Amino acid sequence: MQPELTSSALADLRRPRPYPALSLLMPTHRREPESMQDPVRLRNLVARAKKQLEEDPAVTRQWRMQLGKELDAALAEVNLVYSEDGLVIFAAPGEHQVWKLPRPVPERIVLSDTFLTRNLVAAQAIERPFWVLAVAADRVALFSGDTERVVEARTGGFPLTRSLEFQDIERMERVGNVPEPYNDDDTRLFLRQADTALDSVLAADPRPLFVTGDPAALSLLDDAGSASKGATRIPRGAMAHSSPNAVWQAVRPFVAAEEEKERAAVLQELGRARDKRTLAAGVDEVWQSAKLGSVRLLVVEDNFRVTVRAESAAVTEPSEHLAPAESGDLDAIEDMVDDIIERCLDTGAEVRFVPDGTIEGMDHIAAALRF
């Protein structure tokens, strides 16, 4: 099973490793007839990677053998029947990971002291991940969602469960009946534990949050703590015991509404930046600003990709500018948009994706600048 693409997972992948850390990238296809060639292309790419390791004098025989074993293990894990748009394999002595991405990647083999993570960074940004907390008196479940689905997340101690069988006979006799689930002190404690667990999850991987449950559960959760303050509330019972698909159907309209609000806010922010003359538009302007670390908000259309090459604008102007290039050229940068995204994230910028055509007048990529 593919590990979850979280901020902490990306941070671990980006840490330095002893040379060589191998990154293998390959575009894949979801449907026939294009997908029929993917297994052959992958085997050929792995063979090329092994040959590159053999020809690198900096790679010892022992490390070459270890990397070969990790590559073989990764290859055995790849199931191309369920391909997406890109495949990334990372291998280093003692470890390997396989990632399927909903975004095309260029075919590449890279040996370095870090893994090539820019494509995963871009995929995380475009997926617009969010959390859904489903609350009931006897179960609190956490779901991880993106633009296509939600899956139950088993992290941070979730799901939390307990029995609703009240055993305090003296108390039952004193009040005259079985306590209502949401008027019970044990339930308050249970939801306080859920709030604490949620706080830890959000600290490790902050995302937009949707909370669903019947109104009494949501009200008691508000009283239990502050982790879910500001979340979008969806008053709907039984979700804590429902399938991921049922949860997805319940939250989908709310997710779409939030995305529309965010899209409008992003366009307003770009408009304010234009008025203040702190707007960069087009791949070259945005790249220059990204190199300076001056990008505060980067906005990219969903499927915008561009192949460029770097060139000096003039003898008196040493900074490099970008010019269009053909895919496959020796000096071509195939994934400049992904390069820009990673550079902006490295300098603390916010990255937002919008539907194609939304910022066509800004050459499909724009940035609000800090200065």
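What counts and what doesn't
Residues numbered from 1 in each chain as written. Predicted model: local features only at pLDDT ≥ 70, side-chain atom pairs only at ≥ 80, totals over all residues. Heavy atoms only, no water. Pairing = 2+ DSSP bridges. Helix = DSSP H or I, 4+ residues; strand = E, 2+ residues; numbered from the N terminus. Axes fitted to C-alpha atoms, helices over the stretch in contact; angles between N-to-C directions. Contact = heavy atoms within 4.5 Å. Salt bridge = Lys/Arg side-chain N within 4 Å of Asp/Glu carboxyl O. Buried < 20%, exposed > 50% of the residue type's maximum accessible area, 1.4 Å probe, protein only. Core = buried A, V, L, I, M, F, W, Y, C linked by side-chain atoms within 4.5 Å.

**Some thoughts on the sheet that holds strand β16 (residues 365–369)**
Inference 1: Strand order in the open sheet formed by four strands is β11-β16-β12-β15, with mixed pairing between adjacent strands. The open sheet terminates on both sides in strands that have one partner only, identified here as β11 (279–281) and β15 (350–354). Taken pair by pair, the neighbouring strands of this sheet meet at an average axis angle of 20 degrees, ignoring direction.
Inference 2: One ladder, built from five bridges, connects strand β12 (residues 295–301) with β16; its direction is antiparallel. If you follow Leu298 over to β16, its bridge partner there is Ala367.
Inference 3: The strands that helix α9 (residues 283–292) touches are β11, β12 and β16; relative to β11, the one it contacts most, it runs at about 130 degrees.

**Some details on the pattern of salt bridges**
Inference 1: A full pass over the atoms with the stated rule returns 22 salt bridges.
Inference 2: In this structure, the salt-bridge partner of Arg139 is Glu152, at a minimum N-O distance of 2.9 Å. Of the two residues, Arg139 sits in strand β6 (residues 139–145) while Glu152 sits in strand β7 (residues 150–152), which places them 13 residues apart along the sequence.
Inference 3: Residue class for Arg139 comes out buried when judged on its relative accessible area of 15%.
Inference 4: Residue class for Glu152 comes out partly exposed when judged on its relative accessible area of 23%.
Inference 5: Three or more residues joined by partner-sharing salt bridges are found here, namely Asp12, Arg15, Arg17 and Glu95.

**Some thoughts on the nonpolar core**
Inference 1: With 43 residues, the main nonpolar core has Leu120, Leu298 and Ile340 as its most contacted residues.
Inference 2: Of all the elements, helix α4 (residues 118–127) adds the most residues to this core, at six residues.
Inference 3: Residues within four places of Leu298 in sequence aside, it is in contact with Val286, Ile340, Ile341, Cys344, Glu350, Val351, Arg352, Ile365, Ala366 and Ala367.
Inference 4: Ranked by size, the runner-up nonpolar core spans 24 residues in total, among them Phe158, Val201, Leu220 and Leu221.

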